[in-house]
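A closer look at the structure
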Amino acid sequence: MASDIIAGDVLAPVQEVDTPGFDTRALQALDSAHYLHPFTDHGALRDRGARVMVRGDGVYLWDSEGRKVIDGMSGLWCVNVGYGRASMTQAVARQMDTLPFYNSFFNTTNVPAVMLAARLVDLAPPGFRHVFFTGSGSEANDTIVRMVWRYWQLMGQPQRQAIVSRHNAYHGSTIAGASLGGMAGMHAQGALPIPGIHHIEQPNFAEHGRGMSEAEFGLRAAGWLEEKILELGPENVAAFIGEPVQGAGGVIIPPPTYWPEIQRICDKYGVLLVSDEVICGFGRLGTWFGSQLMGARPDLIAFAKGVTSGYVPLGGVLVGARVAHVLVEKGGDFNHGFTYSGHPVACAAALENLRIMVDEKLVERVALETGPHLKTAFGSLASHPLVGHAESMGMAAGLNLVRRKGATVHDCEAFPRELAVGMVCRAHMFDNGVIMRAVGDRMIVAPPLVMTTAQIDEMVERIRYCLDLTLDDVQSRGWME
Ligand SMILES: *Cc1c(COP(=O)(O)O)cnc(C)c1O
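Below is a short write-up of the structure. (Residues numbered from 1 in each chain as written. Predicted model: local features only at pLDDT ≥ 70, side-chain atom pairs only at ≥ 80, totals over all residues. Heavy atoms only, no water.)

**Some remarks on the overall build of the chain**
Looking only at helices and strands, the chain has 18 helices and 16 strands in total. Put simply, the chain has 481 residues, and 54% of those count as buried. Partitioning the contacts of the chain with sequence separation of at least 6, the portion at a separation of at least 24 is 69%. Of the accessible surface of the chain, which amounts to about 20,500 Å², a share of 56% is contributed by carbon and sulfur atoms. Here the chain carries 39 positive and 50 negative side-chain charges, and the mean point of each set is 4 Å from the other. (Helix = DSSP H or I, 4+ residues; strand = E, 2+ residues; numbered from the N terminus. Buried < 20%, exposed > 50% of the residue type's maximum accessible area, 1.4 Å probe, protein only. Contact = heavy atoms within 4.5 Å. Areas by Shrake-Rupley, 256 points an atom, 1.4 Å probe, with all protein chains shown as cover. Lys, Arg positive; Asp, Glu negative; His and termini not counted. Charge placed at Lys NZ, Arg CZ, Asp CG, Glu CD.)

**Digging into the sheet that holds strand S2 (residues 60-63)**
Reading across the sheet, the 4 strands line up as S1-S2-S3-S14 and stay open at both edges, with mixed pairing between neighbours. Edge positions in the open sheet fall to strand S1 (53-57) and strand S14 (434-435), since each of these has one partner strand only. Taken together, the 3 bridges between S2 and strand S3 (residues 68-71) define a ladder with antiparallel strand orientation. Its bridge partner lying in S3, leucine 61 is registered against valine 69. This element, helix H18 (residues 453-476), spans S2, S3 and S14 of the sheet and lies at about 110 degrees to S3. (Pairing = 2+ DSSP bridges. Axes fitted to C-alpha atoms, helices over the stretch in contact; angles between N-to-C directions.)

**Here we look at unusual backbone geometry**
In the segment running from leucine 192 into proline 193, the intervening peptide bond is cis, with an omega of 0 degrees. For proline 193, the location among the structural elements is in the loop between helix H9 (184-187) and strand S6 (197-200). Although it is not a glycine, serine 74 adopts a positive phi angle of roughly 50 degrees. Summarising the element assignment, serine 74 is placed in helix H4 (residues 74-77). Given the relative accessible area of 0%, serine 74 is considered buried. Backbone geometry places tryptophan 77, a non-glycine residue, at a positive phi of 65 degrees. Mapped onto the fold, tryptophan 77 is located in helix H4.

**Quick word on the site of the ligand**
Close to the ligand lie Ser136, Gly137, Ser138, Asn141, Tyr170, His171, Gly172, Glu243, Asp276, Val278, Ile279 and Lys305, which account for all nearby residues. For the ligand, whose accessible area on its own is 380 Å², the fraction buried by protein is 83%. (Near = heavy atom within 4 Å.)

**Brief notes about the pattern of salt bridges**
What the rule picks out here adds up to 21 salt bridges. Its salt-bridge partner being glutamate 261, residue arginine 264 comes within 2.9 Å of it at the nearest N-O pair. Taken together, the residues span about one helical turn, with arginine 264 and glutamate 261 both in helix H12 (residues 258-269) at a distance of 3 residues. A cluster of three or more residues bridged by salt bridges with shared partners is formed by Glu226, Glu261, Arg264 and Lys268. (Salt bridge = Lys/Arg side-chain N within 4 Å of Asp/Glu carboxyl O.)

**Some details on the packing of helix H16 (residues 362-379) against H18**
Axis separation between H16 and H18 bottoms out at 10 Å; the angle between their running directions is 25 degrees. One way to sum up the angle between H16 and H18 is to call them roughly parallel. H16 and H18 meet at a crossing whose hand is right-handed. Every residue of H18 that contacts H16 at Glu369, Thr370, His373, Leu374, Ala377 and Phe378 is listed here: Thr453, Ile456, Asp457, Met459, Val460 and Ile463. Residues of the contact of H16 with H18, tallied by class, amount to 7 nonpolar, 3 polar and 2 charged. (Parallel < 35°, antiparallel > 145°, perpendicular 65-115°, else oblique. Left-handed = near helix turned anticlockwise from the far one by under 90°. Nonpolar A, V, L, I, M, F, W, Y, C, P; charged D, E, K, R; others polar.)

**Some remarks on the pairing of S3**
Where S2 folds back onto S3 in an antiparallel hairpin, the turn is made up of 4 residues, including glycine 66, whose phi is positive at roughly 85 degrees. Here 2 bridges tie S3 to S14, and the two strands are oriented parallel to one another. Note on S14: the bridge partner recorded for isoleucine 70 is valine 434.

Rendered as structure tokens:
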């Protein structure tokens, strides 16, 4: 039985290729016997076997078979400075040697947490002077829900409890995170969303913008927030939350008119504006925070992922002046926090990550060089017979696989959902050295911010080749007519 194999045997090299060999079959058997993966159908995983990743360097990964892949997804939207950065290892090792852990409860603090809080405030938009640390993006959003409710309580308006979010948003997987999120599949698995969380339609031009210009549609989509606020009663609405660009929902880029109008509506009704920047923060869109690009002035910002480039888990909330003033100056004890809030090793990793980003001018490079290059290179895929339309912003991009192309995004004919063409396409990518994610029939990338223009070209050419394979595949299955 595979599970009888002890780890030492499994990890012993079985072949010498350009990475040390691993006993892939044994690892896969142990994996499916014992390891419950996130968001995974374990029956299907058992049949196929998990791919075992063993090494990373720059924008490349190697699996246990020695196969090299270019990582179009930065791990999971996080490895922004790329894999194998020795200075990250050193920063983490040094902190583990000095002080691997201490808590920040009971009037105590630690050096990396203090330094990181100050550093983040330097990088944040004007008006942010405070940071609360968590272990993840989900915990950041849970913290925001508690902070928002506490804020309105302290303001003498405890009935302001409604939080408005959007369908197809992703805000994490804890109870509050999944409730804020608009993923129908998550809500359907039991008793979500929790009371007080309401959803409006997403600003997805391809889906909802027929017959309008993009600019008109942006105003219309923001108007759904105002309608919801009036329906709930403005005196009951606490906050609106959104990702500047929806990530897990499929890299949905809102029209430029959307966020300024959302801001105007929040201001009009005194509703707090929350920007979930777990993906869009730390340079993904070519600005330190995505809301800066979108023309929004959030009161609270959730962050995680890119803050440490995923080397060590860390998340948090940047708290703007409006909320901080009430919470810090009048609030007394805020009964909330995590064992790992301000974890010194995670904060040391974040400090080194931010140093790299500044020294290598990664945010500027995304704005001026790699982001525009991705837009052109990825945009060229729109001419492929299987691609209806392709969009990108900074280092995030998505394209729609369609059965028939049309003159506009609204004239394309989609594949029937049950064919799951996106999964077919993803498998070709996976087998041919490029990692791209499928969200339904939308294929997305969010490469490491260190990806060079030459590597972007390499990634896009591999994607094009895999689109050809996918086209042959769906044609031979008789799915194109
Ligand atoms: C990934 C993600 C989260 C959740 O972060 P975890 O660290 O997985 O808990 C929240 N919001 C957005 C926008 C995300 O992309």
